Protein chains: 2
Amino acid sequence: MAKQSMTYAASGVDIDAGDKMVSMIRRHMTRTYGPRVIEQHGGFAGLFRLDYNEKLFARNYKDPVLVACTDGVGTKVKLAAEMGLYDTVGIDLVAMSVNDLIVGGAEPLFFLDYLAVNDLDPQQATDMVKGVSDGCVQAGCALLGGETAEMPDVYSKGEFDMAGFAVGVVEKGKVIDGSRVERGDIILGLSSSGIHSNGYSLVRAVVTKKKLKLDKVYDELEEDRPLGRVLLEPTRIYAKPILSVLNRYVRKRVVTAMAHITGGGLVGNLNRVLPKGADAKIERKAWTIPPVFRFLAKHGNIEQQEIDRVFNQGVGYCVVVKPAFAASVMGQLEDAGETVYWLGSIVKGTGKVKIV
Amino acid sequence: MAKQSMTYAASGVDIDAGDKMVSMIRRHMTRTYGPRVIEQHGGFAGLFRLDYNEKLFARNYKDPVLVACTDGVGTKVKLAAEMGLYDTVGIDLVAMSVNDLIVGGAEPLFFLDYLAVNDLDPQQATDMVKGVSDGCVQAGCALLGGETAEMPDVYSKGEFDMAGFAVGVVEKGKVIDGSRVERGDIILGLSSSGIHSNGYSLVRAVVTKKKLKLDKVYDELEEDRPLGRVLLEPTRIYAKPILSVLNRYVRKRVVTAMAHITGGGLVGNLNRVLPKGADAKIERKAWTIPPVFRFLAKHGNIEQQEIDRVFNQGVGYCVVVKPAFAASVMGQLEDAGETVYWLGSIVKGTGKVKIV
């Protein structure tokens, strides 16, 4: 009997399927390209020109600092896999890194994604990259590169994970780090689009344990979409409205701190940019908690303190602003399409966020 | 009966364990920092100063291009998990992206990692980051940030995945892209340290199907280490020797193309930087195939063509160099500690790599 010859394909990895997908995702990448992306045949890496000698760049940047972030979307990927919907979690992926990037005042330049799947289904992978590309368009950055890894033994059938990586630039003297926060500064909150990309292990535990149905429309959610679609709503990307505010007040520097509200909630994120002697005092009645959070709290019988620590509860991003400019910044963000809450103000304290 | 209140911890995610780990990994990050890293308390992102106005940077870069890469280490993570050895795959992770980055002539600046685990064991995660940190020191770049995601439902107990992101910089006029490759150029090969980080699904299939023992020392491997340790040998990082060659010949530009030999082998990677009318003609007897590849080919009964397409077979990186400088570059790489093979030369052809 002849020995059976072993091949890479038989061990679960298909190089040809990978090549096919590369050509399918190409247009999703090129639509995000500006003139600064340098295209290279067969390249090993993505190239992005800084245009240091161009007038616009030289005017804005005397001492440029590169800013970089990485993040995934947690077990929201699991929910997407369960529902077989692969074309929106890419937006979440971009949002998670880019919303972190702009916290320091950086302008997003480019993004790269890492997708890991059980089995390289070119359509599924293309859907994922389409989402990433949509997110990059929303954030105004180029999808400069990516990697799709086929790992049959690490991921189960239909399962996947994704990681994102964003790079931006900020002028050194204009880095926003909370050090200029003063008592009396106003805290504005930008509404989230839903649960965003944190707390999904708890969300899914509630769904499973309480036998909730992802395809059912629940009255308590106060909308026509079934629960699964509400839970999968992509994370809002705040890059464009925030950068427009920063660019408008480029000299006055009216924004003293910002925070992306992720795992840890308001109490565990806004505190990260507070100086030692200051508290953020936020009024619970200052904003409306969207139905989906009340729905999860009720069905999961989750305590308020736990809710505060895990979910954004309707506020996805905070801007701390000098009081004289708070109303103007609020108006500008609203004009850019944001729903903005006047959450509270900075008071004397010990670096904590207090929701009263 | 009181309803049981649901918490994030009970759903498998432990925020406190995450906080503990962050402090444990800190020293592995800071040892990679140079003066260009800007440290920020509680920051949402990593900051890296480009030093545009410093003399050294201004002398080297008139029109800087950022170069970015992302990659994982494939199912080598699965082998590491099976062996319970977590402190070397981080080196592979850095190698996979950084070796791609330098192909275009870029100097690595910083790196970020994404680790996804079933259960946040702070020691295990710290071991992983230690490996990444070791890799960054070898590559001469800063470990600027990272994310550790606890995803109990996506990864099985003890399983994990990792993705890496590297950013570098190259002067626009000095990008190496193969376009200057000419007939007669010499192809030098730098020895790999082993299988590197590609082909592990096939490696593991051979191990499982042929009931090979990871803890056994096989005579055919011609070394004292057991099979598992040989298979887990970290990927060689070529950044420092390659950059030293490029910096030495900064005006003469004697290097016309480079290739990182990953999945696809010599035939599927060196071809990516060949101009249309040129072939790379490589002599099979020009280099020594290390025992581990012969071992896998024999036990797996893998055909030569498949071997050529999947594994590096002992050559991890290629440098194409003008003939008059080939011996000198070879000597310089050897002085830097590399084992270098004179593989062959560029001949008239159609953009293919031919091993004869």
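From a predicted model like this one, the values you see are computed outputs, not experimental measurements. (Residues numbered from 1 in each chain as written. Chains lettered and ligands numbered in written order. Predicted model: local features only at pLDDT ≥ 70, side-chain atom pairs only at ≥ 80, totals over all residues. Heavy atoms only, no water.)

## Details of helix H12 (residues 326–335) of chain B
Residue and element names in this part refer to chain B.
Then comes step 1: Listing the buried residues of H12 in full gives Ala326, Val329, Met330, Gln332 and Leu333. Buried residues along H12 cover an arc of 165 degrees about the axis, so they all sit on one side. With respect to the buried face of H12, the exposed residues turned more than 90 degrees away are Ala327 and Asp335.
Then comes step 2: For H12, the elements touching its buried residues are strand S7 (186–191), helix H8 (239–248), strand S10 (315–321) and strand S11 (340–348).
Then comes step 3: Backbone geometry just downstream of H12 places Gly337 in the positive-phi region, at approximately 100 degrees. (Buried < 20%, exposed > 50% of the residue type's maximum accessible area, 1.4 Å probe, protein only. Helix = DSSP H or I, 4+ residues; strand = E, 2+ residues; numbered from the N terminus. Arc of directions from axis to C-beta. Contact = heavy atoms within 4.5 Å.)

## Section: the pairing of strand S9 (residues 278–282) of chain B
Residue and element names in this part refer to chain B.
Then comes step 1: Burial analysis of S9 places four of its five residues in the buried class, the great majority of the element.
Then comes step 2: Strand direction decides the pairing type here: S9 and S11, joined by five bridges, are antiparallel. When the bridges of S11 are listed, Ile282 appears paired with Gly344.
Then comes step 3: When S9 meets strand S12 (residues 353–355), the two strands line up parallel, connected through three bridges. Its bridge partner lying in S12, Ala280 is registered against Val353. (Pairing = 2+ DSSP bridges.)

## Regarding the interface of chain A and chain B
Then comes step 1: Contacts between chain A and chain B engage 91 residues on the former and 88 residues on the latter.
Then comes step 2: Taken together, the two surfaces of chain A and chain B that pack against each other cover about 7,200 Å², and 61% of this comes from carbon and sulfur.
Then comes step 3: The interface formed by chain A and chain B holds four salt bridges in total.
Then comes step 4: Between Arg204 of chain A and Asp153 of chain B there is a salt bridge, with the nearest N and O atoms lying 2.7 Å from each other.
Then comes step 5: Along the contact surface separating chain A from chain B lie 17 residue pairs in polar contact (both at pLDDT 80 or more).
Then comes step 6: Considering every element that reaches the side of chain A that touches chain B, the biggest residue donor is strand S3 (residues 64–72) of chain A, with nine residues.
Then comes step 7: A class-by-class count of the residues in the side of chain A that touches chain B yields 47 nonpolar, 22 polar and 22 charged. (Buried area = accessible area lost by both parts, 1.4 Å probe. Salt bridge = Lys/Arg side-chain N within 4 Å of Asp/Glu carboxyl O. Polar contact = N/O pair within 3.5 Å; in protein donor to acceptor, adjacent residues only side chain to side chain. Nonpolar A, V, L, I, M, F, W, Y, C, P; charged D, E, K, R; others polar.)

## Considerations on the domain arrangement of chain A
Interface size is commonly expressed as the accessible surface area that is lost when the partners come together.
Residues and elements named next belong to chain A.
Then comes step 1: Domain annotation for chain A reports domain 1 (15–174) and domain 2 (186–355).
Then comes step 2: Between the C-alpha centres of domain 1 and domain 2 there is a distance of 24 Å.
Then comes step 3: Taken together, the contact pairs 31 residues of domain 1 with 29 residues of domain 2.
Then comes step 4: Surface buried jointly by domain 1 and domain 2 totals about 2,500 Å² across both partners, of which 66% is contributed by carbon and sulfur atoms.
Then comes step 5: The largest per-residue losses of area from domain 1 upon contact with domain 2 belong to Lys76, Leu79 and Asn99, which jointly make up 22% of the total buried on that side. (Domains from an automatic or database assignment.)

## Notes on the sheet that holds strand S4 (residues 107–117) of chain B
Then comes step 1: Taken together, the six strands give an open sheet; going across it, the order is S1(A)-S2(A)-S3(B)-S6(B)-S4(B)-S5(B), and neighbouring strands pair in mixed fashion. Each having just a single partner strand, strand S1 (37–38) of chain A together with strand S5 (142–150) of chain B make up the two edges of the open sheet.
Then comes step 2: Judged from the ten bridges that link them, S4 of chain B and strand S6 (residues 160–171) of chain B form a sheet pairing that is antiparallel. Bridge pairing links Tyr114 of chain B to Ala163 of chain B in S6 of chain B.
Then comes step 3: Together, strand S3 (64–72), S4 and S6 of chain B form the strand contacts of helix H4 (residues 89–101) of chain B, whose direction differs from that of S6 of chain B by roughly 35 degrees.
Then comes step 4: The sheet contacts of helix H5 (residues 122–139) of chain B involve S4, S5 and S6 of chain B, and relative to S4 of chain B the element is tilted by about 165 degrees. (Axes fitted to C-alpha atoms, helices over the stretch in contact; angles between N-to-C directions.)

## Some points on the nonpolar core
Then comes step 1: Residues Phe110 of chain A together with Phe110 of chain B are the most contacted members of the largest nonpolar core, which totals 266 residues.
Then comes step 2: Excluding anything up to four places from it in sequence, Phe110 of chain B contacts Leu66, Ala68, Phe165 and Val167 of chain A together with Phe48, Cys141, Ala142, Leu144, Phe165, Ala166 and Val167 of chain B. (Core = buried A, V, L, I, M, F, W, Y, C linked by side-chain atoms within 4.5 Å.)

## Considerations on the relation of the copies chain A and chain B
Copy one and copy two of the chain differ by a rotation about a common axis and a shift along it.
Then comes step 1: Rotating chain A by 180 degrees and moving it 0.0 Å along the rotation axis overlays it on chain B with an RMSD of 0.0 Å. Accordingly, the operation relating the two chain copies is best matched by a two-fold axis.
Then comes step 2: When the interface residues of chain A are mapped onto chain B, 97% of them again lie at the interface, so the same face is used by both copies. (Least-squares fit on C-alpha atoms with pLDDT ≥ 70 in both.)

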